[in-house]
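Analysis of the macromolecular model
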Amino acid sequence: MSTARNTSAKSLLKRALGLVAMAHALLPGAAVAAPADNPHFRVLGTVVVWGADAASGVPVVSDMILNSGNGTTAATSGDTDLIAGNVHTVVTGTLMPTGDAINAAGTMPFVVTGTAQGNILTDSNGDGVMSGADAFSAFRILSGSDTRVDATATRSSFYIASNTPFSIDARALPATTSLGNTLLNIIRLNMRSTVTGNDGLAFGARAQAAHSGGPNAGFAPEYLLSQLTTPRRIFTGNRRTAAGRGTLAEQSIRFDAVYTIRAINLTGYDLSLGTFDFEVDMIYTVFVP
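Residues numbered from 1 in each chain as written. Predicted model: local features only at pLDDT ≥ 70, side-chain atom pairs only at ≥ 80, totals over all residues. Heavy atoms only, no water.

Let's talk about the packing of aromatic side chains
- Per the stated rule, a full pass over the model turns up 10 aromatic pairs.
- For the ring pair Phe-219 and Phe-235, a centre distance of 4.7 Å and an interplane angle of 45° mean the geometry is tilted. Within this pair, whereas Phe-219 is found in the loop between β12 (202-203) and β13 (223-224), its partner Phe-235 is found in strand β14 (residues 232-236), the two being separated by 16 residues in sequence. Each member of the pair, Phe-219 together with Phe-235, is buried.
- Every member of this aromatic cluster is reached through a ring pair, and the members are Phe-158, Phe-166, Phe-219, Phe-235, Phe-255 and Tyr-284. (Phe/Tyr/Trp six-rings, centres within 6.5 Å; stacked < 30°, edge-to-face > 60°. Helix = DSSP H or I, 4+ residues; strand = E, 2+ residues; numbered from the N terminus. Buried < 20%, exposed > 50% of the residue type's maximum accessible area, 1.4 Å probe, protein only.)

Digging into the nonpolar core
- By size, the foremost hydrophobic cluster in this structure holds 37 residues, and its most contacted members are Phe-158, Ile-160, Phe-166, Ile-168, Leu-225, Phe-255 and Tyr-284.
- Elements that contribute at least two residues to this core include exactly β1 (46-52), β8 (153-162), β9 (167-172), α2 (178-184), β10 (187-194), β14, β15 (252-261) and β16 (282-287).
- Top contributing element to this core by residue count: β15, with 5 residues.
- Trp-50, Ala-52, Val-90 and Leu-95 belong to the second-largest nonpolar core, a separate cluster that totals 6 residues. (Core = buried A, V, L, I, M, F, W, Y, C linked by side-chain atoms within 4.5 Å.)

Observations regarding the pairing of β9
- The element β9 is largely enclosed, with a buried count of 5 among its 6 residues.
- Pairing geometry for β9 and β14, over 4 bridges, is antiparallel. Pairing of Ala-170 across the sheet is with Arg-232, part of β14.
- Inspection of the sheet shows β9 paired to β16 by 6 bridges, in the antiparallel sense. Its bridge partner being in β16, Ser-167 is matched across the sheet by Phe-287. (Pairing = 2+ DSSP bridges.)

A short note on empty space enclosed by the protein
- Taken as a whole and assessed by the stated rule, the structure comprises 1 cavity of 30 Å³ or more.
- There is about 60 Å³ of room inside the largest cavity.
- With 3 residues, the single largest contributor to the lining of the largest cavity is β10.
- In terms of residue class, the lining of the largest cavity is built from 7 nonpolar, 1 polar and 1 charged. (1 Å grid on protein atoms, 1.4 Å probe; cavity = no way out; pocket = protein on both sides within 12 Å on 5 of 7 lines; lining within 4 Å. Points joined across faces, edges and corners; volume = space filled by probe spheres on them. Nonpolar A, V, L, I, M, F, W, Y, C, P; charged D, E, K, R; others polar.)

Describing the environment of Leu-142
- Note on placement: Leu-142 falls in the loop between β6 (118-121) and β7 (146-148).
- In this structure, the C-alpha to C-alpha distance between Leu-142 and Thr-113, residues 29 residues apart in sequence, is 9.5 Å.
- Among all residues touching Leu-142, those that are not within four sequence positions of it are Gly-114, Thr-115 and Ala-116. (Contact = heavy atoms within 4.5 Å.)

So, the confidence of the model for the protein chain
- Looking at the protein chain as a whole, its pLDDT mean stands at 84, while 83% of the residues score no less than 70.
- By mean pLDDT, the top-scoring element of the protein chain is β12 (98), and the lowest-scoring one is helix α1 (residues 2-26) (52).
- Here residues 1-5 is modelled with pLDDT under 50, and outside its nearest four sequence neighbours on either side it reaches 0 contacts, counting other chains as well. (pLDDT = per-residue confidence, 0-100.)

Overview of the pattern of salt bridges
- Counting across every chain of the model gives 4 salt bridges.
- Linking Glu-222 and Arg-188 is a salt bridge whose minimum nitrogen-to-oxygen distance equals 3.1 Å. Remark: Arg-188 occurs in strand β10 and Glu-222 occurs in the loop between β12 and β13; sequence separation between them is 34 residues.
- For Glu-222, a relative accessible area of 24% translates into the label partly exposed.
- Given the relative accessible area of 10%, Arg-188 is considered buried.
- What emerges from the salt-bridge pattern is a single network uniting Asp-199, Arg-254 and Asp-256. (Salt bridge = Lys/Arg side-chain N within 4 Å of Asp/Glu carboxyl O.)

Structural data, given as structure tokens:
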């Protein structure tokens with residue numbers, strides 16, 4: 001009987017101590033454990049621009065733009081390019097870098113118009129240049145026969161992968177000669193995009209056009225190069241290029257620049273302009289508005 005009474009007393013004591021401890025925990029100012037944690041991850045808008053290595057033609061990323069600002073033009077965007085230097089464009093449809101050597105084996109072809117046999121294109125083999133590899137039959141000229149090059153074009157491209165919408169501004173560096181200024185007034189730029197393809201490296205399998213209207217949407221109308229000596233917006237996108245999980249190339253689309261010698265109210269190049277070797281530097285700046 002005494003053992004039972006002792007056990008009952010111990011039980012009552014434990015309960016009493018538990019109530020005291022609970023009451024102490026509820027008192028104002030009581031010390032309690034309260035760990036605070038706030039993990040934070042952030043992914044900013046990023047645009048990856050790639051093209052060709054100038055020497056080898058191997059595809060390389062030469063611009064990686066981080067959305068670190070909020071400006072509305074390339075000049076005021078405040079964005080950061082994490083890679084020094086610039087992308088080299090490629091000859092459209094290849095990974096060959098554009099440069100002085102592209103037309104070293106020939107010259108820009110032209111069209112002889114209004115002959116008795118119709119229009120004669122001097123690029124008979126279709127390789128994009130007029131050279132000793134071209135040949136065609138004799139043709140009879142008429143009083144209205146003339147020459148023009150407005151049916152020919154030079155094409156170059158670069159590639160973009162992004163996780164955010166982006167825009168592109170373009171600038172043509174001013175010419176230094178009177179002939180150069182004349183040509184700036186008859187050379188026009190038209191830019192579009194290509195979503196998928198294989199130029200030696202497949203691209204676009206997990207990509208979408210950078211504008212919801214499709215690959216031809218978001219672009220400005222044609223510009224004369226003389227209008228681009230002041231930077232102008234040539235593309236405004238409204239969505240990222242990456243449409244699904246994939247590689248960098250699979251999430252990339254191609255931007256294609258087409259330069260043609262033609263102008264409103266002008267017939268383009270004329271033999272009176274003589275011979276020339278004209279080159280203009282075009283600067284395309286990609287940024288996140």
